[in-house]
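# Structure assessment
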Amino acid sequence: MANTDTQTRPAVLILLGPPGAGKGTQARMLQQDFGLVQLSTGDLLRAAVKAGTEAGQRAKAVMEAGGLVSDDIVLAILRDRMAEPDTARGVILDGFPRTPGQAEALDALLAEQGASVSAAISLEVEDAAMVERVAGRYTCARCGEGYHDRFKTPAVAGVCDACGSTEFTRRADDNAETVKARLEAYHAQTAPLIDHYDGLGVLKRVDAMGDITTIAADLKAIVREVSAQ
Ligand code: AMP
């Protein structure tokens, strides 16, 4: 992380949870409230796929099938992003780490810079609700505001509440079939990280089945608490 200030330790927050738990939505809100940078490896990988980079070409088929992209690709992308100056104040990691190997690499990367994970927040949800949550979601193509066919539609149909754009996008992997594979990958490879962060004493659990604003308030309280330490 590009931290040159030895007085303040940058906040490093991790959002853990299966697809549909609300990691992206909550990360965006925390970014606005605390001036931290949301760092989504999913977004970085989708950008690499769109740009047709070598890493993007290697990742594309795995992402379409709902599997996990190899650690070497993800870590290279993450390292580059963490080296950018806007991360100096702190980051909210959304969708990373996702495997024990990534968690260890992150711990080592942060240790090199005298930093460590401030909090790993586990968004606790029921799997059964996730398929519907994910399969109905879409975002504004211009500003990235998130919507859902059932749970959150724009006030004026077809017009983004946040920026007025009329263009929306849906992720290719947000379909029922792929969500099931993504949930399996989460339980097999990512859920064990909950114990890893519990062991480091930085795990926080949040009930993420309720409404977005209540969950956001819980997360804000955690970030205030860890920022004050
Ligand atoms: P997400 O936007 O976080 O749901 O990620 C979308 C897809 O990108 C995942 O299903 C994976 O194929 C890939 N991906 C994102 N982050 C990672 C990661 N940390 N490790 C491996 N694959 C990832």
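Residues numbered from 1 in each chain as written. Predicted model: local features only at pLDDT ≥ 70, side-chain atom pairs only at ≥ 80, totals over all residues. Heavy atoms only, no water.

A separate point is the confidence of the model for the protein chain. Here the protein chain averages 93 in pLDDT, and 96% of its residues register 70 or above. Low pLDDT, under 50, characterises residues 3-7; the predicted model gives this stretch 3 contacts beyond four residues in sequence or across chains. (pLDDT = per-residue confidence, 0-100. Contact = heavy atoms within 4.5 Å.)

Turning our attention to the pattern of salt bridges. Opposite charge on two side chains permits them to pair, given that their charged atoms come into close proximity. Under the defined criterion, the tally for this structure stands at 17 salt bridges. For lysine 204, the salt bridge goes to glutamate 225, with nearest N and O atoms at 3.0 Å. Placement of the pair is lysine 204 in strand E8 (residues 203-207) and glutamate 225 in helix H9 (residues 212-228), with a sequence separation of 21 residues. Overall, lysine 204 belongs to the partly exposed group, its relative accessible area being 22%. A single salt-bridge network, built from bridges that share partners, covers Arg137, Arg171, Asp173, Asp174 and Arg182. (Salt bridge = Lys/Arg side-chain N within 4 Å of Asp/Glu carboxyl O. Helix = DSSP H or I, 4+ residues; strand = E, 2+ residues; numbered from the N terminus. Buried < 20%, exposed > 50% of the residue type's maximum accessible area, 1.4 Å probe, protein only.)

Two modes of strand pairing occur in sheets, parallel and antiparallel, and in both the strands are linked by backbone hydrogen bonds. If you walk across this open sheet you meet the 5 strands as E2-E3-E1-E4-E8, and the pairing is parallel. With partners counted over all chains shown, the strands left at the sheet margins are strand E2 (37-40) and E8, one partner each. Taken pair by pair, the neighbouring strands of this sheet meet at an average axis angle of 25°, ignoring direction. Where strand E4 (residues 119-124) meets E8, 5 bridges bridge the pair, whose relative direction is parallel. Residue pairing in the sheet places glutamate 124 in a bridge with aspartate 207 of E8. Packed on one face of the sheet, helix H1 (residues 23-34) meets strand E1 (11-16), E2, strand E3 (90-94) and E4 and runs near 170° to E3. Helix H4 (residues 71-82) contacts E2 and E3 of the sheet and is inclined by roughly 165° relative to E2. (Pairing = 2+ DSSP bridges. Axes fitted to C-alpha atoms, helices over the stretch in contact; angles between N-to-C directions.)

Tracing the sequence through the fold places glutamine 26 in helix H1. Excluding residues that lie within four positions of it along the chain, glutamine 26 makes contacts with Leu15, Ile212, Ile215, Ala216 and Leu219.

Bringing the sheet that holds strand E5 (residues 137-140) into the picture now. Strands sit in the order E6-E5-E7 across an open sheet of 3 strands; the sheet is antiparallel. Looking at which strands have only one partner, the edges of the open sheet turn out to be strand E6 (146-148) and strand E7 (168-169). Note: E5 against E6, 3 bridges, orientation antiparallel. Considered in E6, the bridge of threonine 139 is made with glycine 146.

As a further point, take the packing of H1 against H9. The contact between H1 and H9 brings their axes to 10 Å, and the two run at 50°. One finds that H1 runs oblique with respect to H9. For the element pair H1 and H9, the recorded crossing hand is right-handed. Contacts between H1 and H9 involve Thr25, Gln26, Met29, Leu30, Asp33 and Phe34 on the former and, on the latter, Ile212, Ile215, Ala216, Leu219, Lys220, Val223 and Arg224. (Parallel < 35°, antiparallel > 145°, perpendicular 65-115°, else oblique. Left-handed = near helix turned anticlockwise from the far one by under 90°.)

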